[in-house]
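Observations on the model geometry
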Amino acid sequence: MTGETTARLRQGWGGAAAAAVRIAVIAVLVAGMAVVATGTGRAAPSLPPGFSVKDMPSGQSELLTDFAFAPDGSYFTTGKNGRVAWVSADGSAARTLATFSVVTVQDLGLNGIAVAHDYATSRVIYLARTLTVNGQWTMRLSAATVVGTPPTSLAPERVIWDLPIQADVHTITGIVAAPDGTLWVTMGDGADFRFVDPLALRALDVNTGYGKLLRVTPDGRGVASNPYYDPAAPSSWRSRVYASGFRSPFRVSLDPATGAPLVGDVGWNTWEEINLVRPGASYGWPCWEGNGQTPGYRDMAACAGTTTTPPLWAYPHGPMGTSVTGGIVYTGSTYPEQYRGAYFFGDYASQRVYTLRYDDQGRLVRQPEAGGFGVENGMPVKFGAAENGDIVYADIGGSRLKRLVHAAGNRPPTAEATITNDPASARSFTFDASRSFDLDGGALTYRWDFGDGATATGALVTHAYGGTSTEPVTVRLDVTDSVGATGTATLTVVPGNRVPVLTLTTPPSSERYSVGERVVLSGTALDAEDGALPVTWSVVLVHCSGGYCHDHPGRSFTGAVYDVPFEDHGDDTRLQITASATDRFGVRAEQVFVAQPQLRTLTLASTVPSPITVNGVARASAQVTAGARVSLNAPPLAGDGVAMFGRWSDGQPRERQLVMPDRDVTLTAEYVTPIDLRHAFDPGLRAVVGAPVGPEQGDSWLRSRQYAGGRVYWSPQTGVHEVHGEILRSYDATGGPGRWGPPLSDETGTPDGRGRFNVFPNDEAMFYWTPQTGAHVVYGEIFGHWRAMGYERGMHGYPRSDELSTPDGRGRYNDFENGGIYWRPGVGARSVYGAIYQKWGQHGWEMGHLRFPITNELGTPDGVGRFNHFEGGSVYWTPRTGAHEVQGAIRERWAALGWERSYLGYPTSDEFSVPGGRRTNFERGSITWTAATGRVVDRRY
């Protein structure tokens, strides 16, 4: 990389500034130094003991995206802007081989390169980029032959395939040229990330190329062993697919032992994945992310029933980062044993490198380091291996290759410096070495050699050059640690050279931008030595999420005017537009305008608490850029597990999109419960219960709502039914739903037209009402007996009481219009009615000597009479004799004679007292019991 001299004037620069201007003067003259922005805070770089990072030139001046080694140790690199460069094995020579047309919006550009397995003879490399074809963004995989030894250019490309893309992200993200001659290619889903985009579902369709890991021959045909290969259509997407269900499978490598692909899949809102890919497997996107279903997509009909293959490792957005970069397995022998065979990967947003291990069965055996293997050593976007196996990764931020080397013992410190020009004097400079660091944590000392014979010590020093010379001067910085190891950096300054004057015309600082609104700036540059200079514009979209902010570089161009529509990248997005001018000495003046979004508040409510998602994130409100398109998703079932989605307050369906207007918006998800639905669509119910007078209450097991004319209940088992009037009052008085459960029926008329009833599930309860009897409950065995007798159409008619406890506490009973049904443990329910019931009552019911009935009323064998047996006797009835009780020894004698079939016939009296005993009269005689002797005598009249 190049050295950098800066002079800066700040105006309102900070996180809360709406639109700010930053003026900087940067001289870039000498190779050997990293580009560092002054005043930008960062954590100190760190690596495990013995490890250090060795910078390697990339041949790219900005936005290095990929690299691939040739057999001779030289390597090829790509830049987002379309440049393909070659660098010699020792790094001493680098040249641009070709510049391809590309689209550089958001993540698009020249993103991938691979060297053919037979490069030594074929001289073929493979390239992945996004360009415009007939007005359509298109992701292209192509092959090109390298011309010259050493390389000097590329022959015209051979297109392997073009695939249209409808979004500005998730294109071709990785190429591996395997030793067997096949190509492995990762393809993004080509769907928008700002909202729930149905196009993402293509990732699950093996008949498309989107969201796939492909395995193909060099001419683009599918490999015959692929899981979906079709011999009749070898160039179909189906034939090319090896695995599906990826979102943005950013970088792929092959396990050195098994050849299995390893893919890092960049997540949406929550999870980042490392996948050890199995043939024919689906990794679930967009219905699944990590090991869970994806909010915003999971409720789509197309996601119903979908499954996923668990990732090897997944980590949530947060401290570990938010944008995974797939890596490689270390195969060298210079690293410590614990890292041999480990998988090295990174996270672009958190600027970290991680390692993990898995066994030969593909099972994770060591999780990544929670704090990272390496921190703040560049922004990794591709991993590869040097000739000895050392891990090498591409740092897009510094456009350098970073090589991880290991040597035991103390590590020399790293020298970094910036030089700031004094605006008042072209010969005075401030030198700052505070960005230097020591991986071993030792104290540092600093020595400056200003190139004119003067020296100084300290991290921050100033120096003024004497005389009038304007020749470039080399400045040397030596940084020494506590044990004497030294790191060196060299920079160049040009004493006396004036800084170009850059004049930028910007909108007011209060300006805010809607999506698509044009950001218009103009600029001129004048240099004291060189005269008018061209103004170069570049834009970076800064996006913050998961605790990290990261850049999405856009295009650069030269001209007097910047006139470009404002872009959106979801939450917390701003455009950082840099205008710069560079003189012949490489001294650059720059001003940065930050275009801030016009944020409006989207507030979301729900009639029933429910997890509503905005672009897949559950939230009650969101700050949204005016003009941005967002997806809103209300779950079909509310948080209470009962209410169903009805509509949004603006009439839109459950899964919908919204283009945010330039105003605050409040939307309500209107949920309807089964009670609401029936009330809304059943005029008969409304006629009975009227309008609601209170909110619906309850839970997922039982719900109710009070109306002017009654109450409506719902449960999953019983459905929706109403209770009203006298039956409702009786229901409440006897325990309500806690005792009887919710109603199984609405109030219904009885077949005879006299009464009304509701059915309830507990104990088969029924509440009956008539104007004459009121409302009463019948349940359990008594209800079963009454039902067997024909309900209210049977002998008993309607209940005149609820089920009650008998006075002696031994049983239960219901009183009916005709008689009663009594129940006792061990006996069950027995029916007594009519004249027999009245006779039993005359003798004190169950409290009298007859006590509880032990039979129902039965017909006599001769077909003339009826009787009930009781614990203490019997009651017999005929039309000619009426009802009379028989008990004790007299009953025993009558039974021995043959009951009513004996010569005595039916009783014509109850038992009554006679001198010395008791007697019962019968139709043709009597039976007398003598108290003194216990003798029983029957006599004919």
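A few points on the structure. As the structure is a computational prediction, the values presented were derived from the model and not from experiment.

As for the overall build of the protein
Secondary structure summary: the protein contains nine helices and 73 strands in total. Taking 941 residues into account, the globule formula puts the C-alpha radius of gyration at 30 Å, and the protein, at 46 Å, lies well above it. In the protein, the share of contacts with a sequence separation of at least 24, taken over all contacts with a separation of at least 6, comes to 54%. Roughly 37200 Å² of accessible area belongs to the protein as shown, and the carbon and sulfur atoms make up 52% of that amount. In the protein, which carries 80 positive and 92 negative side-chain charges, the distance between the mean positions of the two groups comes to 6 Å.

Concerning the nonpolar core
Counting residues in each nonpolar core, the largest one holds 31 residues, and the members touching the most others are Tyr343, Phe345, Tyr358 and Leu401. Counting residues per element, the ones that place at least two in this core are β4 (64-69), β18 (261-266), β19 (271-276), β22 (313-316), β23 (324-329), β24 (343-347), β25 (352-358) and β29 (391-395). When residues in this core are grouped by element, the largest group, three residues, is from β25. Excluding residues that lie within four positions of it along the chain, Tyr343 makes contacts with Ser253, Leu262, Ile274, Gly326, Gly327, Ile328, Val329, Tyr354, Thr355, Leu356 and Tyr358. Among the nonpolar cores identified, the runner-up in size contains 25 residues, and Leu108, Met139, Ile172 and Val185 belong to it.

Some points on the side chain of Thr294
Along the polypeptide, Thr294 turns up in the loop between β21 (292-293) and β22. Looking at Thr294, its side chain comes within polar contact range of the main-chain nitrogen of Glu289, at 3.2 Å. Discounting residues that sit within four places of it in the chain, Thr294 has contacts with Trp268, Trp285, Pro286, Cys287, Trp288 and Glu289.

What to know about the pattern of salt bridges
All told, the structure shown has 45 salt bridges when counted by the stated rule. Among the salt bridges present, the one from Glu871 reaches Arg810, with a minimum N-O distance of 3.0 Å. Of this pair, Glu871 sits in the loop between β67 (866-870) and β68 (873-878) while Arg810 sits in the loop between β62 (804-805) and β63 (812-815), placing them 61 residues apart in sequence. On the basis of relative accessibility, which here comes to 22%, the residue Glu871 falls in the partly exposed class. The partly exposed category is assigned to Arg810, whose relative accessible area is 34%. Sharing partners across several salt bridges, the network here consists of Arg129, Arg140, Glu157 and Asp162.

Overview of unusual backbone geometry
Negative phi characterises most residues that are not glycine, and trans characterises most peptide bonds. The omega angle of the peptide bond from Thr149 to Pro150 is 0 degrees, so this bond is cis rather than trans. Mapped onto the fold, Pro150 is located in the loop between β10 (136-147) and β11 (153-154). With a phi close to 50 degrees, Asn134 is a non-glycine residue in the positive phi region. Among the structural elements, Asn134 can be located in the loop between β9 (124-133) and β10. Backbone geometry at Trp845 places phi at a positive 55 degrees, although glycine is not the residue there.

A word on the environment of Gly554
Locating Gly554 in the fold gives a position in strand β42 (residues 548-558). For the pair Gly554 and Thr734, spaced 180 residues apart in sequence, the C-alpha separation works out to 74 Å.

So, the sheet that holds β68
Pairing in this open sheet of four strands is antiparallel, and the strands run β66-β67-β68-β69 from one edge to the other. Only two strands of the sheet have a single neighbouring strand rather than two, namely β66 (858-859) and β69 (882-886). Direction of pairing for β66 relative to β67: antiparallel, over a ladder of two bridges. Bridge pairing in β67 links Gly859 to Arg866.

Structural notes on the state of the cysteines
Tallying each qualifying case throughout the model produces one disulfide. In this model, Cys287 is linked to Cys303 through a disulfide, with the two sulfur atoms separated by 2.0 Å. Across the S-S bond linking Cys287 and Cys303, the dihedral sits near -80 degrees, which makes this disulfide left-handed. Separated by 16 residues along the polypeptide, Cys287 in the loop between β19 and β20 (288-289) and Cys303 in the loop between β21 and β22 bring together distant segments of the chain.

Quick look at the sheet that holds strand β33 (residues 445-449)
Reading across from one edge, β34-β33-β36-β37 is the order of the four strands in this open sheet, with antiparallel pairing throughout. Each edge of the sheet is formed by a strand with only one pairing partner; in this case those strands are β34 (455-457) and β37 (486-493). For this sheet the average axis-to-axis angle between neighbouring strands, irrespective of direction, equals 15 degrees.

Concerning the packing of aromatic side chains
Evaluated as defined, the whole model comprises 56 aromatic pairs. Pairing Tyr339 with Phe344 gives two aromatic rings, centres 6.2 Å apart and planes at 50 degrees, and the pair type is tilted. Phe344 matches Tyr339 in its accessibility class, with the two residues each being buried. An aromatic cluster is present here, built from Phe757, Tyr768, Phe783, Trp786, Tyr791, Tyr798 and Phe816 joined pairwise through their rings. Sitting over the ring of Trp740, Arg739 keeps its end group 4.1 Å from the ring centre. Above the plane of the ring of Tyr779 lies Arg739, whose end atom (NZ or CZ) is 5.0 Å from the centre.

Observations concerning the environment of Thr309
When you line up the elements, Thr309 lands in the loop between β21 and β22. Look at Thr309 and you get partly exposed, because its relative accessible area is 23%. Distance in space between the C-alpha atoms of Thr309 and Met139 is 27 Å, their sequence separation being 170 residues. With residues near it in sequence (within four places) discarded, Thr309 still touches Ala281, Ser282 and Tyr283.

Some remarks on the pairing of β4
For β4, the buried fraction is high: five of the six residues fall into the buried class. What sits between β4 and strand β5 (residues 75-79) in their antiparallel hairpin is a turn of five residues, with Gly73 showing a positive phi close to 90 degrees.

So, the environment of Asp72
Here Asp72 is to be found in the loop between β4 and β5. Considered as a pair, Asp72 and Ala89 are 17 residues apart in the sequence and their alpha carbons are 7.1 Å apart. Side chain to side chain, Asp72 and Ser74 meet in a polar contact 2.6 Å long.

Things to note about helix α8 (residues 834-842)
Every buried residue belonging to α8 is among Ile836, Tyr837, Lys839, Trp840 and Gly841, and all of these are buried. Where the residues of α8 are buried, they touch β63, β64 (820-824), β65 (828-832), β67, β68 and β69. Within two residues after α8, Gly844 carries a phi angle of roughly 90 degrees, on the positive side.

Quick word on the side chain of Asn758
Mapped onto the elements of the fold, Asn758 is located in strand β59 (residues 756-759). A distance of 2.9 Å separates a polar atom in the side chain of Asn758 from the backbone oxygen of Ser745.

What to know about the pairing of β33
Burial along β33 is one-sided: the residues Tyr446 and Trp448 are buried and none of Thr445, Arg447 and Asp449 is. Sheet topology note: the β33/strand β36 (residues 473-480) ladder contains five bridges and is antiparallel. When the sheet's bridge partners are listed, Asp449 is paired in β36 with Arg476. Bridge count for β33 against β34 is three bridges, and the pairing is antiparallel. The residue bridging Arg447 from the neighbouring strand is Thr457, located in β34. Between the antiparallel neighbours β33 and β34 lie five residues, among them Gly451 with a positive phi of about 85 degrees.

What counts and how
- Residues numbered from 1 in each chain as written.
- Predicted model: local features only at pLDDT ≥ 70, side-chain atom pairs only at ≥ 80, totals over all residues.
- Heavy atoms only, no water.
- Helix = DSSP H or I, 4+ residues; strand = E, 2+ residues; numbered from the N terminus.
- Rg over C-alpha atoms; globule rule 2.2 N^0.38 Å.
- Contact = heavy atoms within 4.5 Å.
- Areas by Shrake-Rupley, 256 points an atom, 1.4 Å probe, with all protein chains shown as cover.
- Lys, Arg positive; Asp, Glu negative; His and termini not counted.
- Charge placed at Lys NZ, Arg CZ, Asp CG, Glu CD.
- Core = buried A, V, L, I, M, F, W, Y, C linked by side-chain atoms within 4.5 Å.
- Buried < 20%, exposed > 50% of the residue type's maximum accessible area, 1.4 Å probe, protein only.
- Polar contact = N/O pair within 3.5 Å; in protein donor to acceptor, adjacent residues only side chain to side chain.
- Salt bridge = Lys/Arg side-chain N within 4 Å of Asp/Glu carboxyl O.
- Pairing = 2+ DSSP bridges.
- Disulfide = S-S within 2.5 Å.
- Axes fitted to C-alpha atoms, helices over the stretch in contact; angles between N-to-C directions.
- Phe/Tyr/Trp six-rings, centres within 6.5 Å; stacked < 30°, edge-to-face > 60°.
- Lys NZ or Arg CZ within 6 Å of the ring centre and 35° of its normal.

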